[in-house]
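Observations on the model geometry
Here is how the chains run, residue by residue.
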Amino acid sequence: MMGCIFCAIAKGEAPAEVVYEDQATMAFLDINPATPGHTLVIPKMHVRNIYDLNDETAAAVMRTATRVARGLRNALRPDGMNLMQANERAGFQSVFHFHFHLVPRWVGDGLRLPWKPEQGDAQAMAEVASRIRKVLIETKE
Ligand code: 5GP
Ligand code: ZN
């Protein structure tokens, strides 16, 4: 679909800190540097909302979300993640491509990752992504 930033990321045509990828799904850090570890999980096909997900893709995207959640927990040592699903125009969506948000619970709990303001955001994001990737490789099933 033209103009969908998440489809562009899935095709490798837009930059993103990818932490996990397989044939059908992808997980990458949210571009918002104020929320370190906040990760988005998508199917590589353009699906606008949960109603349009086929069973196979639903299973694949949930499996990826689960694996990445474990990786985030292990890499960043938070007390856990919240998994939220974003649909098309529901709420205040900015991207109309079905996606999961994996949100570190420490944001709500007032616990924070060390986030050095003197670092460039891109560098800090790359470091967080590389820690997550490392754990996901180490714990690969
Ligand atoms: P929504 O606003 O639809 O709930 O979530 C979309 C999320 O995607 C937002 O948290 C936003 O920060 C993130 N986002 C938007 N554009 C980009 C992008 O180009 N790259 C990455 N990595 N994240 C993006
Ligand atoms: Zn899309």
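As the structure is a computational prediction, the values presented were derived from the model and not from experiment. (Residues numbered from 1 in each chain as written. Chains lettered and ligands numbered in written order. Predicted model: local features only at pLDDT ≥ 70, side-chain atom pairs only at ≥ 80, totals over all residues. Heavy atoms only, no water.)

Quick word on the environment of Y51
Looking at the secondary structure, you find Y51 in the loop between strand 3 (39-43) and helix 2 (55-76). You can call Y51 exposed: its relative accessible area is 69%. Each C-alpha atom, one on Y51 and one on F98, is 9.6 Å from the other, the two residues being 47 residues apart in sequence. (Helix = DSSP H or I, 4+ residues; strand = E, 2+ residues; numbered from the N terminus. Buried < 20%, exposed > 50% of the residue type's maximum accessible area, 1.4 Å probe, protein only.)

Quick word on helix 2
Between its first and last C-alpha atoms helix 2 spans 31 Å; for 22 residues at 1.5 Å apiece the expected length is 32 Å, and the two agree. For helix 2, the set of buried residues is T57, A60, V61, T64, A65, V68, A69, G71, L72, A75 and L76. Capping of helix 2 at its N-terminal end is provided by N54; its side-chain oxygen lies 3.2 Å from the backbone amide nitrogen of E56. (Expected span 1.5 Å × (residues − 1). Polar contact = N/O pair within 3.5 Å; in protein donor to acceptor, adjacent residues only side chain to side chain.)

Description of the coordination of the zinc ion (ligand 2)
Looking at the metal site, the zinc ion (ligand 2) is ligated by C4 (SG), C7 (SG), H46 (ND1) and H97 (ND1), spaced 1.9 to 2.3 Å from it. Considering all 4 donor atoms around the zinc ion (ligand 2), angles at the metal cover 105 to 118° and the coordination shape is tetrahedral. If you list the donors of the zinc ion (ligand 2) from N- to C-terminus, the spacing comes out as C-x2-C-x38-H-x50-H. With C4 in the segment before helix 1 (5-10) and H97 in the loop between strand 4 (81-86) and strand 5 (99-104), this residue pair connects regions lying 93 residues apart in the sequence. Each member of the pair, C4 as well as H97, is classed as buried. (Donors = N, O, S within 2.8 Å, 3.2 Å for Na, K, Ca; no water. Tetrahedral: all angles 85-135°; square planar, octahedral: opposite > 155°, others 65-115°.)

A few points about the site of ligand 1
Surrounding ligand 1, one finds 14 residues, the nearest of these being L29, D30, Q93, S94 and H99. D30 places a polar side-chain atom, nitrogen or oxygen, 2.4 Å from an oxygen atom of ligand 1. Between an oxygen atom of ligand 1 and a side-chain N or O atom of Q93, the distance comes to 2.7 Å. Burial of ligand 1 by the protein chains amounts to 79% of its free accessible area of 520 Å². Taken together, the elements giving at least two residues each to the shell around ligand 1 come down to helix 1, strand 2 (25-29) and strand 5. (Near = heavy atom within 4 Å. Areas by Shrake-Rupley, 256 points an atom, 1.4 Å probe, with all protein chains shown as cover.)

Side note on the sheet that holds strand 1 (residues 18-21)
Strand pairing within a sheet occurs via backbone hydrogen bonds; the two strands may be parallel or antiparallel. The 5 strands lie next to each other as 1-2-3-5-4, forming an open sheet whose pairing is antiparallel. A single partner strand is all that each edge strand has here, and the edge strands are strand 1 and strand 4. Within the sheet, the average angular offset between the axes of one strand and its neighbour, ignoring direction, is 20°. In this structure, strand 4 lies alongside strand 5, joined through 6 bridges in antiparallel fashion. (Pairing = 2+ DSSP bridges. Axes fitted to C-alpha atoms, helices over the stretch in contact; angles between N-to-C directions.)

Thoughts on the packing of helix 2 against helix 4 (residues 121-138)
Where helix 2 meets helix 4, the closest approach of the two axes is 8 Å, and the angle between their N-to-C directions is 115°. Relative to helix 4, helix 2 is oriented roughly perpendicular. Between helix 2 and helix 4 the crossing geometry is right-handed. Two secondary-structure elements touch here, helix 2 through R67, V68, G71, L72, N74, A75 and L76 and helix 4 through V128, R131, I132, V135 and L136. (Parallel < 35°, antiparallel > 145°, perpendicular 65-115°, else oblique. Left-handed = near helix turned anticlockwise from the far one by under 90°. Contact = heavy atoms within 4.5 Å.)

This is a description of form; function is not addressed.
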